[in-house]
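A look at the structure
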Amino acid sequence: MSRYLTKSRFKEALACITKLYYTKKKEEYADTQLADPFLEALAKGGFQVGELAKYYFTDDPVAENITINTLNYEAALAETERRLAMPGRVVIAEAAFKFENLFIRADIVVKENDTLYLYEVKAKSASDENEDTSTFLSSRGDRVSSDWAPYVYDLAFQKHVMAHCAFSCNYQIKAHLTLANKDAAASIDGLNQFFKIIKQDEDGYKVVAPAGLKRNQLGNQILKNINLDEVIEKVWNVFAVPTDIAANMSFVDFVNHASGIYHGNEREFTAIGKKCKTCQYINKNKESGLKSGFHECWKEHTQYSDELLQKPLVTELWGGKAGSQSITQKLIENSIYLLENTKEELIAPKATSQPITGLLPLERRMTQVIKVRDNDTSSYFEATGLKDEMYKWTYPLHFIDFETSMVALPFHKGLKPYQGIAFQFSHHVMHENGTVEHKSQFLATEPGVYPNYDFVRALKHELENDQGTIFRYHNHENSYLNMIATQLETNPDAPADAVALVEFIRKITHRKIGKDTVCGERNMVDLYELVLQYYYSPNSKGSNSLKQILPAVIKDSAYLRQKYGTKGMYGKELAVKSLNFDDHVWIDPNKNHDPYKTLPAVFDNYNREVLDELIKDFDEVGDGGAALTAYNYLQFAEVPHEQRALIADALLRYCELDTLAMVMIVEGWREMMNNL
Ligand code: SF4
């Protein structure tokens, strides 16, 4: 079979040309990218955008008629050529074009007279200001901005292939990105639900619209077409390709080089760097028997033995920048590959903003390094500063966690692409005498019901009864509450209690107004910030996500292991009150310290960690991907009642654990303080 350089291979080559050797070799090389396109489609929601776009380009009542469905390359090429030869305006979805070893399937192509209009549909948001194409360039205008580069280069690649393909090279080609318009609100309810994602088999899914669906049923247009021919001209002829193969490489040279390498199944080793931090070709499960492309690259570059490369590497160092450069990149450029060899002067920032107490980011990084260097597995714990923080707390303590969704195609009328939906919260309370209870929860997954206002109303009901300190983990809860406050303030059909709801939100959040930060009188305390300042465990390996910190604290706390590793302790009628468990043991002291491992998967065969990875793009602590995926799935009315109930039950249990995890961290710290 021909080894064509396709759109996705081209994208990999741009990220790192060595990846071309490891790609599509699932039997030989480990690949940590999610193996289920169905769940990925659900989580990101973007695949539906391509289906919607078809209705914007054709009057054909059956938009499916414009699609070339065959996966066979030659058949797709022949069909594209046949349709382009037809008289008049022709619209084709999934049109195929080939030039030498380059092959593409274009999302939408419209033929009008002697012009082919190419539309690459992306589930990325754009606004009216992107009509000025200089917004796609760096501030100096000497390259495509790094945010837009993957999209623009993808389009430039497609136009390049079409411009050289035998049956399209005589047309003028105009290339566009079709993007989700974040300035346009859906004028109908249920736009997302029109485009159902259906699982087909192990490897696939398809997006299906109702038979006979017409353009005029879809409301106003929420996608935006932006012509990028001028930018592509620069990509082809002026700008150097952003690759580490060589400086000043032209677009054509890069395409030919990548195509030659992939065609010949060659491996070109390039410099390792910060790009390796997120490389998917790493084997984290040695029992799989698969090779680790990551380790082969690092072995080649460092000439270290396999044994040495099993030690913690600089890619594990808690992230950040040293000056304007990524810390990992700087260390690698200084030939430092093992974490234990990190030099403080290389990772020191130019300036620091000193917190009142606790670890500075540099000190935290050096704590990580020194503990590896000294083979010290004990945790760092700064009791004095934390005690000062605790004196400020008011009982009862409240711990809250939200689950939210954000998709390109809105579920509800009046919402814009990627506008947030808050559909679930959990709430634990810790009383001054140490009693803990799962106090309340909220879950709204009914298709077509917009939950945000009910969500905040229920939260207010739970939190307004006392002045206890409220805890969140990281920024998510604060951001979402502020977003809902804005929705309430700007919605002409806001509910009657909108003013009271906004007042409540302002009281428990903070926000930026100009250069100032305005804090509510009961502004939530961020437990994540307290972790950063007062606690570091080598067991969390530089990650500060709740999922990593919780097992680390449990390992440090005999009290937690005893309390939550005992039957008859945590349940609906037991000492620690639960809303969803009858009698649950969270910790198996002999096996693992990870309570998340005691819960079954939300979806069969996929654990939460894998799904949470999906939303790392827009959530720093990578939390909530599983819940978001489940919510998006439950918006399709056809989900059988039994499955719906099972998923809802799993969501409630997971969210309960998220707030219990925060409680456990505070309980664990208290024990550590008492033991000092
Ligand atoms: S480990 Fe680094 S160099 Fe190797 S393929 Fe991955 S990103 Fe490229």
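Summary of the structure given here. (Residues numbered from 1 in each chain as written. Predicted model: local features only at pLDDT ≥ 70, side-chain atom pairs only at ≥ 80, totals over all residues. Heavy atoms only, no water.)

**Some details on the packing of aromatic side chains**
Aromatic ring pairs are defined here through the distance separating the ring centres and the angle between the ring planes. What counts, and what does not: Ring pairs are drawn from Phe, Tyr and Trp, using the six-membered ring of Trp, whenever the two centres fall within 6.5 Å, and their geometry is named by plane angle: stacked under 30 degrees, edge-to-face over 60, tilted for the rest. Runs of E in the DSSP output that reach at least two residues are strands. Runs of H or I that reach at least four are helices, and both are numbered from the N terminus. A 1.4 Å probe rolled over the protein chains alone gives each residue an accessible area, and that area as a share of the maximum for its type sets the label: buried under 20%, exposed over 50%, partly exposed in between.
Within the structure shown, the criterion is met by 34 aromatic pairs. Centroid distance Phe10 to Phe254: 5.9 Å. Interplanar angle 75°. Geometry classified as edge-to-face. Taken together, the positions of Phe10 in helix 1 (residues 7-15) and Phe254 in helix 9 (residues 251-263) put the pair 244 residues apart, joining distant regions of the chain. Each member of the pair Phe10 and Phe254 is classed as buried. The rings of Phe10, Tyr153, Phe157, Phe251 and Phe254 are connected pair by pair, giving a single aromatic cluster.

**Side note on the packing of helix 14 (residues 383-391) against helix 23 (residues 641-674)**
Definition in use: Lines fitted to C-alpha atoms define the axes, with helix axes restricted to the stretch in contact, and inter-axis angles between N-to-C directions lie between 0 and 180 degrees. In these notes the angle categories are as follows: under 35 degrees is roughly parallel, over 145 is roughly antiparallel, 65 to 115 is roughly perpendicular, and the rest is oblique. Left-handed describes a crossing whose near helix is turned anticlockwise from the far helix by less than a right angle; the clockwise case is right-handed. Residue contacts are defined here by distance: any two heavy atoms, one from each residue, within 4.5 Å place the two residues in contact.
The geometry of helix 14 relative to helix 23 is characterised by a closest axis approach of 11 Å and an angle of 125° between their N-to-C directions. Considering the angle they form, helix 14 stands oblique to helix 23. Relative to helix 23, the crossing made by helix 14 is left-handed. Two secondary-structure elements touch here, helix 14 through Ala383, Leu386, Lys387 and Met390 and helix 23 through Trp669, Arg670 and Met673.

**Description of the site of the ligand**
To be explicit about the condition: Each residue is tested against the molecule or strand, and it is near if at least one of its non-hydrogen atoms lies within 4 Å. Lys, Arg, Asp and Glu make up the charged group, whereas Ala, Val, Leu, Ile, Met, Phe, Trp, Tyr, Cys and Pro make up the nonpolar group; the residues left over, Gly among them, are polar.
The immediate surroundings of the ligand are formed by Cys16, Thr18, Lys19, Tyr22, Lys275, Cys276, Cys279, Phe294 and Cys297. Here the residues of the shell around the ligand are counted per class, giving six nonpolar, one polar and two charged.

**Description of the packing of helix 15 (residues 452-463) against helix 17 (residues 498-508)**
Orientation of helix 15 relative to helix 17, taken along the N-to-C sense of each, is 60°, at an axis distance of 10 Å. Considering how the two elements wind past one another, helix 15 and helix 17 form a crossing that is left-handed. Only Ala500, Leu501, Phe504, Ile505 and Ile508 of helix 17 make contact with helix 15, whose side of the interface consists of Tyr453, Val456, Arg457, Leu459, Lys460 and Leu463. Counted by class, the contact of helix 15 with helix 17 contains nine nonpolar, no polar and two charged residues.

**Quick notes on unusual backbone geometry**
Excluding glycine, most residues fall at negative phi; most peptide bonds, likewise, are trans. A cis geometry characterises the amide bond from Tyr395 onward to Pro396, with omega recorded as 0°. Its location among the elements puts Pro396 in the loop between helix 14 and strand 11 (397-405). Backbone geometry at Glu94 places phi at a positive 65°, although glycine is not the residue there. As for its position among the elements, Glu94 is in strand 1 (residues 90-99). Backbone geometry at Asn375 places phi at a positive 55°, although glycine is not the residue there. Mapped onto the elements of the fold, Asn375 is located in the loop between helix 13 (361-373) and strand 10 (380-381).

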